[in-house]
Amino acid sequence: MGEIVLIRHGQTEWSAAGRHTSYTDLELTPEGERQAREAGKRLAGRKFAAVISSPRRRALRTAELAGLAVTEVTDDLAEWNYGDYEGLTSATIRETRPDWSLWTDGAPDGETPEQIAARLDRVLARAREPLDEGDVALVAHGHSLRVAGARWIGLPASGGGLLKLGTATLSTLGFEHDNPVIDTWNA
């Protein structure tokens, strides 16, 4: 049985600055393009039965530079909708909401943890289907993929807050004794 390979997009100007980026459709920086090509080298030899991507340019370009042929594009893999917090850093948000946490509070005029969990549950269910034929790649974003990791192992969306995920990193979700497990993380 194959694995689900989570691929976070390469660096953008906003990811480098720690700014929350969901619906703002940014390009990769030159460093982000380099990171995506390096991720592709680390994927060499894997047979992908499916490659599912977020519709954002940064994810699609990462897949392209990594040498992956995207088979499906879905809004369900888009980044957590930060609503009114789009483009802000966590430090800026905490100036007016010192106890704020995306993982438990969500974002005003954006998504709740329960809403993004429902989206990622749908993606994971689709990703399981072709695993008998090979690996499945999910090319997306930091927070949405962290939620995917948490949901895979039965945690609520807030569990993603415990899973650090750098740009253009690879993580794998698999099984041990038929139980969903995280095989590798943030590699």
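As shown above, the structure is provided for reference.
Overview of the structure. Please read these numbers as outputs of a predicted model, since none were measured by experiment. (Residues numbered from 1 in each chain as written. Predicted model: local features only at pLDDT ≥ 70, side-chain atom pairs only at ≥ 80, totals over all residues. Heavy atoms only, no water.)

Side note on the sheet that holds strand β4 (residues 135-140)
Read from one edge to the other, the open sheet built from six strands follows the order β3-β2-β4-β1-β5-β6, with strand pairing classed as mixed. One side of each edge strand has no neighbouring strand; the edge strands of this open sheet are β3 (72-73) and β6 (179-184). Across the sheet, helix α3 (residues 57-65) lies against β1 (4-8), β2 (48-53), β3 and β4, angled at about 135° from β4, the strand it touches most. Each of β1, β3, β4, β5 (170-176) and β6 touches helix α6 (residues 113-128); the most contacted strand, β4, lies at about 150° to it. (Pairing = 2+ DSSP bridges. Helix = DSSP H or I, 4+ residues; strand = E, 2+ residues; numbered from the N terminus. Contact = heavy atoms within 4.5 Å. Axes fitted to C-alpha atoms, helices over the stretch in contact; angles between N-to-C directions.)

Examining the environment of R97
Locating R97 in the fold gives a position in the loop between α4 (90-96) and α5 (102-105). A residue is classified by how much of its surface remains accessible, and R97, at 32% relative accessible area, is partly exposed. C-alpha separation for the pair R97 and A118, spaced 21 residues apart in sequence, amounts to 26 Å. Among all residues touching R97, those that are not within four sequence positions of it are Y85, D105 and P108. (Buried < 20%, exposed > 50% of the residue type's maximum accessible area, 1.4 Å probe, protein only.)

Some words on the pattern of salt bridges
Tallied over the entire structure, the rule returns 14 salt bridges. The shortest N-O distance in the salt bridge between D105 and R97 comes to 3.9 Å. Through salt bridges with shared partners, one network takes in E72, D76, R122 and R126. (Salt bridge = Lys/Arg side-chain N within 4 Å of Asp/Glu carboxyl O.)

A word on the pairing of β1
Among the five residues of β1, five are classified as buried, and the element is accordingly described as predominantly covered. Burial along β1 is two-sided: the face carrying I4, L6 and R8 and the face carrying V5 and I7 are both buried. Relative to β5, β1 is paired through four bridges, and the arrangement is antiparallel. Its bridge partner lying in β5, L6 is registered against S171.

Remarks on the pairing of β4
Summarising burial for β4: six of the six residues are buried, a large majority. By the alternation rule, side chains of β4 split into D135, A137 and V139 and V136, L138 and A140, which are all buried. As paired elements, β1 and β4 share five bridges and run parallel to each other. If you follow I4 over to β4, its bridge partner there is V136. Relative to β4, β2 is paired through five bridges, and the arrangement is parallel. Note on β4: the bridge partner recorded for A50 is V136.

Description of the layout of surface pockets
The volume enclosed by the largest pocket comes to roughly 320 Å³. Residue lining of the largest pocket: 19 residues in total, with R8, S15, R19, G142 and H143 positioned closest to the centre. Tallying contributions element by element places helix α7 (residues 142-152) first for the lining of the largest pocket, with three residues. For the lining of the largest pocket, a count of residues per class yields two nonpolar, eleven polar and six charged. (1 Å grid on protein atoms, 1.4 Å probe; cavity = no way out; pocket = protein on both sides within 12 Å on 5 of 7 lines; lining within 4 Å. Points joined across faces, edges and corners; volume = space filled by probe spheres on them. Nonpolar A, V, L, I, M, F, W, Y, C, P; charged D, E, K, R; others polar.)

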